[in-house]
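The residues making up each chain are set out below.
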Amino acid sequence: MLDRRSFIKEVGLGIGAGILATAPWLDVFSEKNHTNTLRCKIAVIGTGSRGQFLMSLLVNNPKVEIIAVCDDYPLNLKKGLELVPGARAYTDYRKVLDNKDVEAVVIATPPIYHAGITIDAFAVGKHVFSEKALSIYMDEVLQMYNAYKNSGKVFFVGQQRYFDSRYLKAISNLQTGNYGAIQSIRIHWDRNTDWRRPVPSPELERKINWRLYKATSRGLMTELACHQLQVGMWAMKSIPNKVMGVGSLIARAHEREVYDNVSCIYSFDNGVKMTYNSTNSNKFYGLEEQILCEKATFELEKGKYYYETIPPAPGIMQLLHDMEDKTFNTIPIAGSSWIPETAGQNKGEYILDQKPDGDGTKELLEAFAEAVITQKQPRNFAEESYYGTQLCLLGHQAMEEERVVVFPDKYKINYLNHTKSV
Amino acid sequence: MRETIITGKRKKQEILVLAICLGIACILNILSILIYKTDYKELYSELPTVFIIALILYLLSVGIRAGIYIIHLLILRIKK
């Protein structure tokens, strides 16, 4: 079982106030709560692929008992029950919420259902873990946040990078200022997949392939960008106030309504830009969050950072290289007047001494269990997650409306550089 | 196979050659620190590289001396 000391040791940050300055939500692992002999009773609503993945982690947590599963698609419900044979099965989430034994719900349905279930769950006093994105509508995201604030319950969102040790260490390092101010953030996530899943009968097309349609999805922005934009915001300790973007359908126009190629630029108040690019038809560059500081560049997915100026090779090696160069290289007739400034060959340093086991999802769920047991919401986590969704929806809006969009005052909450409008 | 004897004189000679090669390598290291203005800690941090250079120089000297000896033998044979 992961306690605070073990997790902090894994991150390598050292115990103390430094960690909490970077990630205040880690206070959820505070040892003083003595939760080792306690358990919380959880229901999972939405037992499709993501729900099953979350359940596979939850069943291994001795502090969690999954007592109910719910899905209105029989095949998913069956798969959920295979993971937790003793759980009660439901097809209507309202019946789950009526179950007084359920203390918390994990919601892993498509995003269009998150708001209704979340708000209803808070209304009856349940703690909530909702997968990202919170919703595909900014209004609903705000309603969910307000419902949480009024409920006094715990609210978690499936933003696992907040518990990923690489990110925790990297952001903590960045925020020391030792690498200079952040100059630019570049994020991308490229895949070559069609998202389409096999459908047993035509009437299930929009139910199963909800990701492909505008009525039920914001495509790349809610599926992928939502995970990554929050990293930029976290590193900057600021919320960007403007965004512009362009979206298009290029390779997959025959099978979907949502964009398969997006490009957004988010602008922070100090002028730093965070660019987001994503395509569904080329996976060569994979995914990465690049944070470019004055003295170093961080690549968080690779788990590496690179100094701008690397120490020179030892003198003896430089001497041997020059001797070899003068001896064996041909004499140029005319040298080049410009040498291309291609990307540096710097191999960089690893952010962590060892590769982390997962992507933070396990730690995120463990944190949720701790929070439910102690009934204490970790600091800032709901606010960070709130903006994670709002930023991706704002980017989508900018692409749809083909204009620079300023962050609307009505969606601002009291957090970082935002103040809730009265 | 014929018995060979490595005399004390030969051993001293080879040790001298190796010492000269090591000296050259050390001088190269010092010069490179001065020319390229690198850290003086390379006087000891680059010792493994210095030893490798010394060994390469020694092996080159063995090759060159062996070559000279073979050429000398061939000349003698031709004269006979």
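Residues numbered from 1 in each chain as written. Chains lettered and ligands numbered in written order. Predicted model: local features only at pLDDT ≥ 70, side-chain atom pairs only at ≥ 80, totals over all residues. Heavy atoms only, no water.

Visitor: Would you mind showing me how to read the pairing of strand 10 (residues 273-279) of chain A here?
Guide: For a regular strand, side-chain orientation follows a simple rule: the groups alternate between the two sheet faces. All names here are of chain A. Note: strand 7 (residues 182-190) against strand 10, seven bridges, orientation parallel. Counted as the bridge partner of Arg186 is Thr275 from strand 10. By the bridge criterion, seven bridges tie strand 9 (residues 261-267) to strand 10 in an arrangement that is antiparallel. Following the sheet pairing, Cys264 is matched in strand 10 by Tyr276. Linkage of strand 9 to strand 10, two consecutive antiparallel strands, is achieved through a turn of five residues, within which Gly271 is found at a positive phi near 100 degrees. (Pairing = 2+ DSSP bridges. Helix = DSSP H or I, 4+ residues; strand = E, 2+ residues; numbered from the N terminus.)

Visitor: What's the story with the nonpolar core in this structure? I'm lost.
Guide: Soluble globular proteins: nonpolar side chains tend toward being buried together. Counting 119 residues, the largest nonpolar core has A:Val105, A:Phe156, A:Phe163, A:Met221, A:Tyr276, A:Ile291 and A:Phe298 as its most contacted members. The element contributing the most residues to this core is helix 10 (residues 220-236) of chain A, with 11 residues. With near-sequence residues (within four places) excluded, A:Phe156 lies in contact with A:Val128, A:Phe129, A:Ser130, A:Phe163, A:Leu364, A:Ala367, A:Phe368, A:Ala371, A:Gln377, A:Pro378 and A:Phe381. Core analysis: the next-biggest nonpolar cluster, separate from the first, contains five residues, A:Ile316, B:Ala25, B:Ile53 and B:Ala54 among them. (Core = buried A, V, L, I, M, F, W, Y, C linked by side-chain atoms within 4.5 Å. Buried < 20%, exposed > 50% of the residue type's maximum accessible area, 1.4 Å probe, protein only. Contact = heavy atoms within 4.5 Å.)

Visitor: Whenever I open this one, the packing of helix 8 (residues 165-174) of chain A against helix 10 of chain A confuses me. Can you help?
Guide: Think of two packed helices as two axes; the pair is described by the angle between the axes and how far apart they sit. Residues and elements named next belong to chain A. Axis separation between helix 8 and helix 10 bottoms out at 9 Å; the angle between their running directions is 35 degrees. Each of Tyr167, Leu168, Ile171 and Leu174 in helix 8 lies in contact with helix 10, whose residues at this interface are Val231, Trp234 and Ala235. Classifying every residue of the contact of helix 8 with helix 10 gives seven nonpolar, no polar and no charged. (Axes fitted to C-alpha atoms, helices over the stretch in contact; angles between N-to-C directions. Nonpolar A, V, L, I, M, F, W, Y, C, P; charged D, E, K, R; others polar.)

Visitor: Sorry, what's going on with the interface of chain A and chain B here?
Guide: In many reports, interface size means the accessible area that the parts give up when they come together. Contacts between chain A and chain B engage nine residues on the former and nine residues on the latter. For the chain A and chain B pair, buried surface summed over both sides reaches about 830 Å², with 73% attributable to carbon and sulfur atoms. On the chain A side of the contact with chain B, A:Gly315, A:Ile316 and A:Leu319 bury the most area, a combined 56% of that side's loss. Our enumeration of links across chain A and chain B arrives at zero salt bridges. Between chain A and chain B we count three residue pairs in polar contact (both at pLDDT 80 or more) in total. Considering only residue class, the side of chain A that touches chain B consists of six nonpolar, two polar and one charged. (Buried area = accessible area lost by both parts, 1.4 Å probe. Salt bridge = Lys/Arg side-chain N within 4 Å of Asp/Glu carboxyl O. Polar contact = N/O pair within 3.5 Å; in protein donor to acceptor, adjacent residues only side chain to side chain.)

Visitor: Please clarify how the packing of aromatic side chains should be interpreted in this entry.
Guide: Each aromatic ring pair is specified by the distance between its two centres and by the angle formed by the two planes. All names here are of chain A. Taken as a whole, this structure holds 24 aromatic pairs over all chains when the rule is applied. Centre to centre, the rings of Phe122 and Tyr148 are 6.2 Å apart; their planes meet at 45 degrees, and the pair counts as tilted. In this pair, Phe122 sits in helix 6 (residues 114-123) while Tyr148 sits in helix 7 (residues 138-151), placing the two residues 26 residues apart along the sequence. Phe122 gets classed as buried once you look at its relative accessible area, which sits at 5%. Seen from their ring centres, Tyr386 and Tyr387 are 5.1 Å apart, and the 85 degrees between their planes marks the pair as edge-to-face. Residue class for Tyr386 comes out buried when judged on its relative accessible area of 1%. Through a chain of ring-to-ring contacts, three or more aromatic side chains come together here, namely Trp25, Phe29, Phe129, Phe156, Tyr162, Phe163, Trp234, Phe368 and Phe381. Of note, Arg206 hangs over the ring of Tyr213, and the distance from its end group to the ring centre comes to 3.9 Å. (Phe/Tyr/Trp six-rings, centres within 6.5 Å; stacked < 30°, edge-to-face > 60°. Lys NZ or Arg CZ within 6 Å of the ring centre and 35° of its normal.)

Visitor: Please clarify how the sheet that holds strand 6 (residues 155-157) of chain A should be interpreted in this entry.
Guide: Residues and elements named next belong to chain A. Ordered by their spatial adjacency, six strands build an open sheet running 3-2-1-4-5-6, and the pairing between neighbours is parallel. At either margin of the open sheet sits one strand with a lone partner, and together these are strand 3 (88-90) and strand 6. Direction aside, the axes of adjacent strands within the sheet are offset by 25 degrees on average. Where strand 2 (residues 64-70) and strand 3 come together, three bridges link them in parallel fashion. Paired with Val69 across the two strands is Ala89, which belongs to strand 3. Sheet contacts for helix 6: strand 1 (40-45), strand 4 (104-107), strand 5 (127-130) and strand 6; angle to strand 5, the most-contacted strand, approximately 165 degrees.

Visitor: Whenever I open this one, the state of the cysteines confuses me. Can you help?
Guide: Covalently bonding the sulfur atom of one cysteine to the sulfur atom of another cysteine gives a disulfide. The tally for this structure, following the rule as stated, stands at zero disulfides over all chains. Of the cysteine sulfurs around A:Cys264, a residue in no disulfide, the closest is that of A:Cys392, at 9.7 Å. We classify A:Cys264 as buried; its relative accessible area is 1%. In this structure B:Cys21 is not part of a disulfide, and its nearest cysteine sulfur, from B:Cys26, lies 11 Å away. The exposure class assigned to B:Cys21 is buried, which follows from its relative accessible area of 6%. (Disulfide = S-S within 2.5 Å.)

Visitor: For this particular structure, what's the right way to read the environment of A:Phe284?
Guide: Of note, A:Phe284 is situated in the loop between strand 10 and strand 11 (287-293). Given the relative accessible area of 66%, A:Phe284 is considered exposed.

Visitor: Hey, could you run me through the sheet that holds strand 8 (residues 242-248) of chain A in this one?
Guide: By definition, the strands of a sheet pair up through backbone hydrogen bonds, in either a parallel or an antiparallel sense. Residue and element names in this part refer to chain A. The sheet built from nine strands is open, its strands ordered 14-13-12-11-7-10-9-8-15 with mixed pairing. The sheet is open, and its two borders are formed by strand 14 (349-350) and strand 15 (405-406), each paired with just one other strand. This element, helix 8, spans strand 7, strand 11 and strand 12 (296-299) of the sheet and lies at about 15 degrees to strand 11. Against the sheet, helix 10 engages strand 7, strand 9, strand 10 and strand 11, with an angle of about 155 degrees to strand 10.

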